[in-house]
Amino acid sequence: MPLWYPKGYFVQDTKFDFFNYAGLHRSVVLYTTPTTYIDDITVITNVDQDIGLVDYWISVQGGEHFQLEVHLLDEDGKVVAHGTGNQGQLQVPGVNLWWPYLMHERPAYLYSLEVKMTTPESVSDFYTLPVGIRTVAVTKSKFLINGKPFYFHGVNKHEDSDIRGKGFDWPLLIKDFNLLRWLGANSFRTSHYPYSEEVLQLCDRYGIVVIDECPGVGIVLPQSFGNESLRHHLEVMEELVRRDKNHPAVVMWSVANEPLSAIKPAAYYFKTLITHTKALDLTRPVTFVSNAKYDADLGAPYVDVICINSYFSWYHDYGHLEVIQPQLNSQFENWYKTHQKPIIQSEYGADAIPGIHEDPPRMFSEEYQKAVLENYHSVLDQKRKEYVVGELIWNFADFMTNQSPMRVVGNKKGIFTRQRQPKTSAFILRERYWRIANESRGHGSEPRTQCFGSRPFTF
Ligand code: BDP
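From a predicted model like this one, the values you see are computed outputs, not experimental measurements.

This part covers the confidence of the model for the protein chain. Of the residues in the protein chain, 96% have a pLDDT of 70 or more, and the chain-wide mean is 95. In this model, residues 444-459 is a region of pLDDT below 50 whose contacts with residues beyond four sequence positions or in other chains number 37 contacts.

Okay, here's the thing in structure tokens:
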């Protein structure tokens with residue numbers, strides 16, 4: 001029987017699983033510039049033996065008569081290279097590379113690029129850009145940072161918390177970064193939209209590696225693949241690359257989350273979108289996050305890294321933890337055999353309502369979440385020796401969603417509560433991430449203590 005609604009009644013329908021907060025989420029900054037001003041800077045970094053190479057391009061607006069001077073300063077404020085003009089290459093012998101957190105004893109080294117513009121009227125503009133010198137590359141089975149295999153042991157996040165909702169909040173941000181360090185996480189994905197610029201600035205400084213995702217979420221209707229959507233999506237990627245291109249922490253672009261990538265128009269759509277993104281940035285790999293079948297995904301041929309979401313024994317086979325290992329194993333084997341590209345488990349997890357305990361484990365208990373994680377981890381431990389290059393838990397913290405019988409006051413797949421308190425699974429993950437970090441640094445499985453001082457990490 002059709003339900004009765006008052007005339008004009010409607011509800012805005014969104015096709016994503018996070019609360020659609022209204023209002024301004026971030027600071028709005030108004031600023032002035034001189035008539036002739038530095039409009040944009042692009043840096044691309046490279047390494048030749050122990051020499052860091054910083055190629056720069058400076059765009060100036062508002063006038064034609066100006067001079068540009070460029071200095072690169074190290075962390076002690078010493079000038080290590082200088083140049084002139086709006087394009088050039090700076091060379092840094094004995095370079096300190098930008099390394100991810102836990103990959104090096106001195107992670108996140110940042111130089112400062114100072115750009116000074118002088119005009120005949122002597123009105124000048126001045127801009128300082130933090131620069132991390134590092135390289136990113138992908139092989140058939142590895143993700144390389146500075147030529148060394150990098151394993152993403154991290155999280156997916158949301159811009160979400162109690163009281164503030166989606167609003168930007170410095171204390172929350174610092175708390176989250178402290179928790180990432182506590183956890184031994186070296187990376188996150190900006191699921192499912194670009195995060196505030198302050199977040200990326202902190203990632204540069206903490207050495208937290210980022211998969212930068214555009215707001216391409218909820219592309220689940222066939223009509224979403226039309227020309228108008230595609231045109232808009234290309235523009236969105238242009239905006240994202242323009243904004244985030246200079247962050248050393250950003251190592252890969254994600255053009256979408258769980259789109260309907262198995263329908264016919266998806267092939268042209270993703271080919272165009274990914275080719276365009278690669279042309280905008282020649283230095284970073286491009287991906288999108290898939291939940292399609294390995295042999296049905298029409299976008300997968302165009303990505304550099306396969307990112308897969310799966311929820312074994314959660315959205316099907318309820319309560320049957322025993323299916324996880326065989327299903328996950330065949331997921332990885334099938335994707336790798338078909339595509340021969342490195343794979344990231346970009347989401348996995350289970351809801352746990354804090355304080356609910358069940359033995360044997362039952363869905364929604366902390367024990368069930370723990371058991372799901374442990375089952376995933378045992379397969380990940382085999383496959384990370386081969387071609388799996390990362391695992392990102394869904395989710396860092398509980399977050400608000402719209403209301404539905406699927407959600408118990410929001411999504412409870414956090415390993416931290418929405419108030420950032422740890423559930424049992426946080427300790428499981430912490431033990432694991434530190435072990436992986438210590439192994440890859442050649443310290444065996446012996447956990448080493450982390451420090452919480454101003455330097456993120458000391459061995
Ligand atoms: C995935 C989505 C994510 C959801 C998650 C879930 O990418 O946005 O929050 O499932 O259902 O499919 O918890």
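Additional details are given in the paragraphs that follow.
Read around the closed barrel, the eight strands follow the order 11-12-13-14-15-16-17-18; overall the barrel is parallel. Taking each pair of neighbouring strands and ignoring which way they run, the sheet shows an average axis angle of 25°. As paired elements, strand 12 (residues 187-189) and strand 13 (residues 209-213) share three bridges and run parallel to each other. Looking at the pairing, Phe-188 lines up with Val-210 of strand 13. Those strands touched by helix 7 (residues 424-440) are strand 11 (152-156) and strand 18 (388-393), and its axis lies near 155° from that of strand 18.

In the structure shown here, the tally under the stated rule is 29 salt bridges. Its salt-bridge partner being Lys-157, residue Asp-176 comes within 2.8 Å of it at the nearest N-O pair. Here the residue Asp-176 occupies a position in helix 1 (residues 170-183), and Lys-157 occupies one in the loop between strand 11 and helix 1, the gap between them amounting to 19 residues. You'll find Asp-176 and Lys-157 in the same group, each marked buried. Notably, a salt bridge pairs Lys-370 with Glu-374, separated by 3.6 Å at the nearest N-O pair. Remark: Glu-374 and Lys-370 occur in helix 6 (residues 366-383); sequence separation between them is four residues, near one turn of the helix. For Lys-370, a relative accessible area of 27% corresponds to the partly exposed category. Linked through salt bridges whose partners overlap, the residues forming this network are Asp-381, Arg-384, Glu-391, Glu-431, Arg-432, Arg-435 and Glu-439.

Not every one of the 13 residues close to the ligand is listed here, only the nearest: Asp-17, His-192, Glu-258, Tyr-315 and Lys-413. One nitrogen or oxygen atom from the side chain of Asn-411 is found 2.8 Å from an oxygen atom belonging to the ligand. When the free accessible area of the ligand is taken as 320 Å², the share hidden by the protein chains comes to 89%. Residue composition of the shell around the ligand, grouped by class: four nonpolar, four polar and five charged.

Thresholds applied
- Residues numbered from 1 in each chain as written.
- Predicted model: local features only at pLDDT ≥ 70, side-chain atom pairs only at ≥ 80, totals over all residues.
- Heavy atoms only, no water.
- pLDDT = per-residue confidence, 0-100.
- Contact = heavy atoms within 4.5 Å.
- Pairing = 2+ DSSP bridges.
- Helix = DSSP H or I, 4+ residues; strand = E, 2+ residues; numbered from the N terminus.
- Axes fitted to C-alpha atoms, helices over the stretch in contact; angles between N-to-C directions.
- Salt bridge = Lys/Arg side-chain N within 4 Å of Asp/Glu carboxyl O.
- Buried < 20%, exposed > 50% of the residue type's maximum accessible area, 1.4 Å probe, protein only.
- Near = heavy atom within 4 Å.
- Polar contact = N/O pair within 3.5 Å; in protein donor to acceptor, adjacent residues only side chain to side chain.
- Areas by Shrake-Rupley, 256 points an atom, 1.4 Å probe, with all protein chains shown as cover.
- Nonpolar A, V, L, I, M, F, W, Y, C, P; charged D, E, K, R; others polar.

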